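Here's the letter readout for the chains.
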Amino acid sequence: MVDGVKIIDPLNVYNIRDINNLFSVLLIGGDARTDLYKVNKVAHGTVSKVWYESPTAGLTRRLTVYTPAGYETSGKEYPVLYLLHGIGGDENAWSELGRAAQILDNLIAQGKAEPMLVVMTNGNISQEACPGETSEGFKVPTMMLPKTMEGSFETAFPDVVNFIEKTYRVKKDKAHRAIAGLSMGGFHSLFISINNPDTFGYVGLFSAAVDQQQADPKGFPNIYADRNAKIDRLFSKNPKLFWIGCGKTDFLYKNNADLRAYLDGKNHKYTYLETEGGHIWRNWRIYLSEFTPLLFK
């Protein structure tokens, strides 16, 4: 900080945008976890920026899609993880801030994760794509956007699944679909999965907003109604994995503890990981690293 002004390191050419802030990047390896975030000498997947039609949203929108090494020539069908960002993020968040491609490359190369597609959506249903890369031009990025948590994204999500399953060689059943997200993306993941209990066999909530009271009452309130009854219905369908991760000082810790108390009271089986720290990318990278090896086994 210089006189109250935040600046990036002028001697570091590596920087990254998080919503409307730029940060200098320094990657320190040396242990098994952080080495997952590095580009190592392993076979690499492909990261593509892909446009699709969303009739429900009335927009042509963009996704980031990771295909594993060998996808182009294998002829195989693959499982899919739909990976959602937090409030203020976009379809670039997980691939850039989250190091998702590096994590998947390294886990797959180590034999710890199944080869899979990872579909990273833009959860801001009012946007075509991330700021500066749309027909709206160079708009200033902002955290608060319309229609983020009032049901529009959840209602339009089948457009994403339909596009992926028509465009890519993927397995098209519950046992080969997973959905996970951080913060607002965890909120979306929870309500998409419990409103579609036959669609996803694996659900991951990373520092997630999980209380229906956190939803905007405008829009599609039926998406958020009867949360606990919908959770019960999801578990009656025997999901293969329901995974929760949260930091000890996360501002959403109590919400997640209350959800776990409800699950415990109903004897619903889930996996829980508690980490140090709060609502930060350091934790979300850890959660992705721990969640993906459990998928599609």
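As shown above, the structure is provided for reference.
Before going into details, it helps to say that this report is about the structure given with it.

Thresholds applied
Residues numbered from 1 in each chain as written. Predicted model: local features only at pLDDT ≥ 70, side-chain atom pairs only at ≥ 80, totals over all residues. Heavy atoms only, no water. Core = buried A, V, L, I, M, F, W, Y, C linked by side-chain atoms within 4.5 Å. Buried < 20%, exposed > 50% of the residue type's maximum accessible area, 1.4 Å probe, protein only. Contact = heavy atoms within 4.5 Å. Helix = DSSP H or I, 4+ residues; strand = E, 2+ residues; numbered from the N terminus. Expected span 1.5 Å × (residues − 1). Salt bridge = Lys/Arg side-chain N within 4 Å of Asp/Glu carboxyl O. Pairing = 2+ DSSP bridges. Right-handed = clockwise from strand over helix to strand, strands pointing away. Axes fitted to C-alpha atoms, helices over the stretch in contact; angles between N-to-C directions.

1. So, the nonpolar core
And step 1. If you look at the biggest cluster of nonpolar residues, it comprises 47 residues, and the most contacted ones within it are Tyr82, Phe157, Ile164, Tyr168, Leu205 and Phe242.
And step 2. In this structure, Ile164 is in contact with Leu63, Val65, Val80, Tyr82, Val119 and Val170, ignoring residues within four places of it in sequence.
And step 3. The next biggest cluster of nonpolar side chains, apart from the first, holds 33 residues, and it includes Leu36, Tyr66, Met120 and Tyr287.

2. Side note on helix α5 (residues 152-167)
Think of an α-helix as turning once every 3.6 residues; residues three or four places apart then point the same way.
And step 1. Between the first and last C-alpha of α5 there are 23 Å, a value that for 16 residues agrees with the 22 Å anticipated at 1.5 Å per step.
And step 2. Those residues of α5 that sit buried are Ser152, Phe153, Glu154, Ala156, Phe157, Asp159, Val160, Val161, Phe163, Ile164 and Glu165.
And step 3. The secondary structure elements touched by the buried residues of α5 are β3 (46-54), β4 (59-67), β5 (80-84), β6 (117-120), β7 (177-182) and α6 (184-195).

3. A short note on the pattern of salt bridges
And step 1. Inspection of every chain in the model, using the stated rule, returns 10 salt bridges.
And step 2. In this structure, the salt-bridge partner of Glu133 is Arg62, at a minimum N-O distance of 2.8 Å. With a gap of 71 residues between them, Glu133 in the loop between β6 and α5 and Arg62 in strand β4 connect regions that are remote in the sequence.
And step 3. Taking relative accessible area as the criterion, Glu133 reaches 39% and is therefore assigned partly exposed.
And step 4. When the shortest N-O distance is used, the salt bridge between Lys266 and Asp232 registers 3.8 Å. Taken as a pair, Lys266 in the loop between α8 (253-265) and β10 (271-275) and Asp232 in helix α7 (residues 227-236) lie far apart in primary sequence, 34 residues in all.
And step 5. By relative accessible area, which is 22% here, Asp232 ends up partly exposed.
And step 6. Residues joined in a network through salt bridges with shared partners are Arg62, Glu91 and Glu133.

4. As for the environment of Trp243
And step 1. Residue position: Trp243 is located in strand β9 (residues 241-247).
And step 2. Judged by relative accessible area, Trp243 falls into the buried class, the value being 2%.
And step 3. The sequence separation of Trp243 and Leu273 amounts to 30 residues, and the corresponding C-alpha distance is 8.1 Å.
And step 4. Setting aside anything within four residues of it in sequence, one finds Trp243 in contact with Val203, Gly204, Leu205, Phe206, Thr271, Leu273, Tyr287, Glu290, Phe291 and Leu294.

5. Focus on the environment of Ile103
And step 1. Inspection of the secondary structure assignment puts Ile103 in helix α4 (residues 100-109).
And step 2. Note on Ile103: relative accessible area 0%, which makes it buried.
And step 3. Distance in space between the C-alpha atoms of Ile103 and Ile286 is 9.6 Å, their sequence separation being 183 residues.
And step 4. Setting aside anything within four residues of it in sequence, one finds Ile103 in contact with Leu36, Tyr37, Gly98, Arg285, Leu288 and Ser289.

6. Digging into the pairing of β9
And step 1. Buried residues dominate β9, accounting for 7 of its 7 residues.
And step 2. Of the two faces of β9, the one holding Leu241, Trp243, Gly245 and Gly247 and the one holding Phe242, Ile244 and Cys246 are both buried throughout.
And step 3. With 5 bridges connecting them, strand β8 (residues 202-206) and β9 associate as parallel partners. Its bridge partner lying in β9, Tyr202 is registered against Leu241.
And step 4. Taken together, β8, α7 and β9 constitute a β-α-β crossover, and its handedness is right-handed.
And step 5. Looking at chain direction, β9 and β10 are connected through 5 bridges and run parallel. When the sheet's bridge partners are listed, Cys246 is paired in β10 with Glu274.
And step 6. Each parallel crossover has a hand, and the one from β9 via α8 to β10 is right-handed.

7. Comments concerning the environment of Glu91
And step 1. Mapping Glu91 onto the fold places it in the loop between β5 and α3 (93-96).
And step 2. If near-sequence neighbours (up to four positions away) are discounted, Glu91 is found in contact with Lys49, Arg62, Leu63, Thr64, His85, Met120, Thr121, Asn122, Ala129 and Cys130.

8. What about the sheet that holds β8?
And step 1. Reading across from one edge, β3-β4-β6-β5-β7-β8-β9-β10 is the order of the 8 strands in this open sheet, with mixed pairing throughout. Of all the strands in the sheet, just β3 and β10 have a single pairing partner and so form its edges. Neighbouring strand axes in the sheet, compared pairwise and without regard to direction, differ in orientation by 20° on average.
And step 2. Here α6 sits on the sheet and contacts β5, β7, β8 and β9; the angle it forms with β7, its principal contact strand, is near 145°.
And step 3. Each of β8, β9 and β10 is contacted by α8, which is oriented at about 150° to β9, the strand it contacts most.

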